[in-house]
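Each chain, written out:
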Amino acid sequence: MNPFLEIRGVRFSPPLFCAPMAGLTHSAFRRLLSDFGGYGAVFTEMLSGTWLLNENLRTSPAVKRRPQEGLVIYQLMISDPAQVPAVAGQLARISPCGIDLNCACPAPHIRAAGAGSELFEDRDRLAAILTALRERFTGPLTAKIRLGKPQDNWQTPLRDRLRLFEDCGLDAVTVHPRFTSEKLRRRARHELLGELASWTRLPLIASGDILGPQTIHARAHHFDAVAGLMLGRMAVVQPWLFAAWEGRKPAVDYLEIWLRYCQYAAEDFEPQYVLGRVRAFTAYYARNFMFGHTLFSAAQSARDLATLREQATEFLGNSPAPVSTPCIDSLA
Ligand SMILES: Cc1cc2nc3c(=O)[nH]c(=O)nc-3n(C[C@H](O)[C@H](O)[C@H](O)COP(=O)(O)O)c2cc1C
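Residues numbered from 1 in each chain as written. Predicted model: local features only at pLDDT ≥ 70, side-chain atom pairs only at ≥ 80, totals over all residues. Heavy atoms only, no water.

A. Spotlight on the overall build of the chain. Helix and strand counts for the chain come out as 16 helices and eleven strands. Taken against the 2.2 N^0.38 rule, which gives 20 Å for 332 residues, the C-alpha radius of gyration of the chain at 19 Å falls within 12% of a compact globule. The dimensions of the chain, computed from C-alpha atoms along their principal axes, are 55 × 45 × 35 Å. Partitioning the intrachain contacts of the chain with sequence separation of at least 6 by distance along the chain shows that 71% fall at a separation of at least 24. Accessible surface for the chain amounts to roughly 14,000 Å². Of this, 50% is attributable to carbon and sulfur atoms. Positive and negative side-chain charges in the chain, numbering 37 and 32 respectively, have mean positions lying 1 Å apart. (Helix = DSSP H or I, 4+ residues; strand = E, 2+ residues; numbered from the N terminus. Rg over C-alpha atoms; globule rule 2.2 N^0.38 Å. Contact = heavy atoms within 4.5 Å. Areas by Shrake-Rupley, 256 points an atom, 1.4 Å probe, with all protein chains shown as cover. Lys, Arg positive; Asp, Glu negative; His and termini not counted. Charge placed at Lys NZ, Arg CZ, Asp CG, Glu CD.)

Written as structure tokens, this is what we have:
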């Protein structure tokens, strides 16, 4: 893999990306991630076009961007081509360094809205949205996809969509090599990445079950042809992972980092939403420890943030035994 990925004059260096994750990759989390650094860019969580039009982009916890966050790519969840001009105009106010179209999400409510993996299946609507986006945005434009439906000839629509992305002037594609219906079950099919990359001249970013450099080293030949790597759940479990990937050894004080996240969330979110954001983060963070379910349960059952802070301080302040490699299976 090259040491950087450059698209339309924007250099992503290293070509390591934090995945878009709904409810997780808001500005407070990106701020925590940036304290450690080591990534090329972070994706926002998917942002609904309709919602974006009514949001104050400079204060919204999901959209706002602090300078230290570095390069932030805004992921759109959009289903109606007619909405593109207004959404692109709204986003232009904050000069995004990149825009990504979600063509991957398998969640039933996203599919019912005609977005995510449902949009991937509707070629004409997809083409209209991409064309309209390309007309209005001159920076890096990308799409995130899965493998599509698990049918005999699944390769045919996938190859067709990759060609469509090229024809519409996209700059890169992220592939999460699971079928739509698999959600996060089974494992990501890293062994397909080489072939998928050979089907397109677009740089391919690989997403799914990348736990750290060890994943790549174990099966380097699967990743030979990819231009970038995307980490999702592991980046939430260990926000210092990108820095560690670079060979730096960031100081990890588990309690201090958890408290810092709480403070960042409290600064960005209305008080009634802070506990929910801390719970979501803690479900991942707890995977660092052998008895992490204690922390996980405390977070799920805490009535308020003060109670959770007390319980987390008790757990994290007592040198909990870490696991050597956190397990992200069943985290969704
Ligand atoms: C809680 C959660 C929220 C997610 N939200 C999004 C999203 O908003 N947009 C998207 O394209 N993918 C989303 N994903 C999928 C991730 O971007 C990623 O492709 C997937 O988690 C596999 O990568 P990982 O094994 O590194 O986590 C989400 C995944 C999780 C676990």
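B. Spatial organisation of unusual backbone geometry. Following serine 13, the chain continues to proline 14 via a peptide bond in cis, the omega torsion being 0°. With respect to the helices and strands, proline 14 occurs in the loop between strand 2 (10-12) and strand 3 (16-18). The phi angle at arginine 186 is positive, at roughly 55°, despite the residue not being glycine. Within the secondary structure, arginine 186 is located in the loop between strand 9 (172-175) and helix 8 (193-198).

C. Examining helix 1 (residues 27-36) more closely. By the criterion of burial, helix 1 is predominantly enclosed, with nine of the ten residues buried. By the burial criterion, the buried members of helix 1 are Ser27, Ala28, Phe29, Arg30, Arg31, Leu32, Leu33, Ser34 and Phe36. (Buried < 20%, exposed > 50% of the residue type's maximum accessible area, 1.4 Å probe, protein only.)

D. Quick look at the pattern of salt bridges. For the structure on display, the rule yields 23 salt bridges. A salt bridge links arginine 125 to aspartate 122; its shortest N-O distance comes to 2.9 Å. Accessibility expressed as a relative area gives 28% for aspartate 122, which makes it partly exposed. (Salt bridge = Lys/Arg side-chain N within 4 Å of Asp/Glu carboxyl O.)

E. Looking closely at the side chain of asparagine 102. With respect to the element layout, asparagine 102 can be found in strand 7 (residues 98-103). The class of asparagine 102 is buried, set by a relative accessible area of 6%. Among the polar contacts made by the side chain of asparagine 102, one reaches the side chain of glutamine 75 at a distance of 3.2 Å. In terms of polar contacts, asparagine 102 uses its side chain to reach the backbone amide nitrogen of alanine 104, at 2.9 Å. (Polar contact = N/O pair within 3.5 Å; in protein donor to acceptor, adjacent residues only side chain to side chain.)

F. Main features of the side chain of glutamine 83. Mapped onto the secondary structure, glutamine 83 falls in the loop between strand 6 (72-77) and helix 3 (84-92). Under the relative-accessibility criterion, glutamine 83 is labelled buried at 18%. If near-sequence neighbours (up to four positions away) are discounted, glutamine 83 is found in contact with Gly49, Thr50, Leu53 and Ile78.

G. Representation of the domain arrangement of the chain. Each assigned domain of the chain is listed here: domain 1 (5-245) and domain 2 (254-316). Distance from the C-alpha centre of domain 1 to the C-alpha centre of domain 2: 27 Å. Listed per partner, the contact involves 19 residues of domain 1 and 16 residues of domain 2. Carbon and sulfur atoms make up 65% of the area that domain 1 and domain 2 hide from each other, which totals about 1,600 Å². Sorting the residues of domain 1 by area buried against domain 2 places Arg31, Leu32 and Val237 first, and these three jointly supply 29% of that buried surface. Here domain 1 and domain 2 share four salt bridges between them. A salt bridge links arginine 31 to glutamate 267, with the nearest nitrogen and oxygen atoms 2.8 Å apart. If you list the elements that add at least two residues to the side of domain 1 that touches domain 2, you get helix 1 and helix 11 (233-237). For the side of domain 1 that touches domain 2, a count of residues per class yields ten nonpolar, four polar and five charged. (Domains from an automatic or database assignment. Buried area = accessible area lost by both parts, 1.4 Å probe. Nonpolar A, V, L, I, M, F, W, Y, C, P; charged D, E, K, R; others polar.)

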